[in-house]
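# Working through the structure, step by step
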Amino acid sequence: MSFFITVEGPEGSGKTTQVRELAARLRSSSHHVIATHEPGGTPLGEQIRELLLHAPWPLCPETEALLVTAARAEHVTHVIRPALEHGHIVICDRYIDSTLAYQGAGRGLDLDQLWALQRFAFDGLLPDLTILIDVPVEVGLARRYQDAEQLSRFDQETLAFHERVRAWYLRAAHAEPARWRVFDGTLPPEIVAEQIWATVQTFLHKREQMGARGRI
Ligand code: TYD
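Cut-off values and rules
- Residues numbered from 1 in each chain as written.
- Predicted model: local features only at pLDDT ≥ 70, side-chain atom pairs only at ≥ 80, totals over all residues.
- Heavy atoms only, no water.
- Helix = DSSP H or I, 4+ residues; strand = E, 2+ residues; numbered from the N terminus.
- Rg over C-alpha atoms; globule rule 2.2 N^0.38 Å.
- Buried < 20%, exposed > 50% of the residue type's maximum accessible area, 1.4 Å probe, protein only.
- Areas by Shrake-Rupley, 256 points an atom, 1.4 Å probe, with all protein chains shown as cover.
- Lys, Arg positive; Asp, Glu negative; His and termini not counted.
- Charge placed at Lys NZ, Arg CZ, Asp CG, Glu CD.
- Pairing = 2+ DSSP bridges.
- Near = heavy atom within 4 Å.
- Polar contact = N/O pair within 3.5 Å; in protein donor to acceptor, adjacent residues only side chain to side chain.
- Nonpolar A, V, L, I, M, F, W, Y, C, P; charged D, E, K, R; others polar.
- Phe/Tyr/Trp six-rings, centres within 6.5 Å; stacked < 30°, edge-to-face > 60°.
- Lys NZ or Arg CZ within 6 Å of the ring centre and 35° of its normal.

### A word on the overall build of the protein
Helix and strand counts for the protein come out as 8 helices and 5 strands. Starting at the N terminus, the α and β elements of the protein follow one another as β-α-β-α-α-β-α-α-β-α-α-β-α. Since a compact globule built from 216 residues should have a radius of gyration of about 17 Å, the 17 Å found for the protein is in line with a globular shape. Projecting the C-alpha coordinates of the protein onto the three principal axes gives extents of approximately 50 × 40 × 30 Å. Buried positions account for 51% of the 216 residues belonging to the protein. If you sum the accessible surface of the protein, you get close to 10300 Å²; carbon and sulfur atoms cover 56% of it. Between the centroid of the 22 positive side chains of the protein and the centroid of its 28 negative side chains there is a distance of 4 Å.

### Some thoughts on the pairing of strand 3 (residues 89-93)
Across the 5 residues that make up strand 3, a large majority, 5, are buried. Burial along strand 3 is two-sided: the face carrying Ile89, Ile91 and Asp93 and the face carrying Val90 and Cys92 are both buried. One ladder, built from 5 bridges, connects strand 1 (residues 3-8) with strand 3; its direction is parallel. Residue isoleucine 5 lies in a different strand from strand 3, and its bridge partner there is isoleucine 91.

### Some remarks on unusual backbone geometry
What you tend to see is this: most non-glycine residues have negative phi, and most peptide bonds are trans. Of note, the bond from glutamate 38 into proline 39 is cis; its omega dihedral lies within 30 degrees of zero at -10°. If you trace the backbone, proline 39 turns up in the loop between strand 2 (33-37) and helix 2 (43-54). With a phi angle near 70°, serine 30 is a residue other than glycine that sits in the positive phi range. Inspection of the secondary structure assignment puts serine 30 in the loop between helix 1 (15-28) and strand 2.

### Things to note about the site of the ligand
Every one of the 16 residues lining the ligand counts as a neighbour, but Glu11, Arg49, Arg94, Thr99 and Arg144 are closest to it. Contact distances for the ligand include 2.6 Å between an oxygen atom and a side-chain N or O atom of threonine 99. A distance of 2.7 Å separates an oxygen atom of the ligand from a polar atom in the side chain of arginine 144. Protein burial of the ligand: of its 540 Å² of free accessible surface, 92% is covered by the chains. When contributions to the shell around the ligand are tallied by element, the ones reaching two or more residues are helix 2, helix 3 (61-85) and helix 4 (96-106). Ranked by the residues each element gives to the shell around the ligand, the list is headed by helix 4, at 4 residues. Tallied by class, the residues present in the shell around the ligand amount to 5 nonpolar, 3 polar and 8 charged.

### Let's talk about the packing of aromatic side chains
Summed over the entire model, instances satisfying the criterion amount to 8 aromatic pairs. Ring geometry for tryptophan 168 and tryptophan 180: centres 6.4 Å apart, planes at 70°, overall edge-to-face. Of this pair, tryptophan 168 sits in helix 7 (residues 159-175) while tryptophan 180 sits in strand 5 (residues 180-184); the two residues are 12 residues apart in sequence, bridging distant segments of the chain. Its relative accessible area of 3% is what places tryptophan 180 among the buried residues. Taken together, the aromatic side chains of Phe4, Tyr95 and Phe122 make up a single cluster linked through ring pairs. Across the ring face of phenylalanine 203, the terminal group of lysine 206 is positioned such that the distance to the ring centre comes to 5.2 Å.

Here's what the structure looks like:
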């Protein structure tokens, strides 16, 4: 049974740990799972990721939006859509909502244009469930700055930038409650993992009752 889960959050929210944990739990319940991330997930996507995170020169917001969307077009075409068509569960660490949060709310690009770009690139394949791991900006950035060698261009943005990103996520989750579930990323990771697991089981159960996915 195919199912598409995305995991979103501000910097330092603990997404990566939660994606790993969720994938492990699903696999031990006999599901076939593809755990992947953006930007990245394909050879070209990984090269774009390196540019986006560590380019030594300034990138304008439009270029950022085009690069993340180009990486996504490759990812959807070569990884996500084929996996869903094979009936697998896909868990993706960041997806379309990251573009709306970072390049839209963060950088100030027009949200309608960003949506149009997503439709142009890959017909805007939407997740069945989006998990938001929310942390206050100071908490997330403090975690991030513990490993100062790994800091990306985004980590080094202003507090105001990160506040806009977080506020966009919370608004989006509030506006579309059927798709989003919000978790408190300041709780111990094992507790967050339990909460996410309970939510995913509920969604999968509902999907089983509804029958096969009709969207792709
Ligand atoms: P990620 O590897 O998830 O960083 P982390 O988990 O360490 O926060 O994502 C890399 C960065 O890319 C992150 O700072 C957000 C940014 N990003 C965008 O700005 N737009 C996008 O569409 C995506 C997918 C990521």
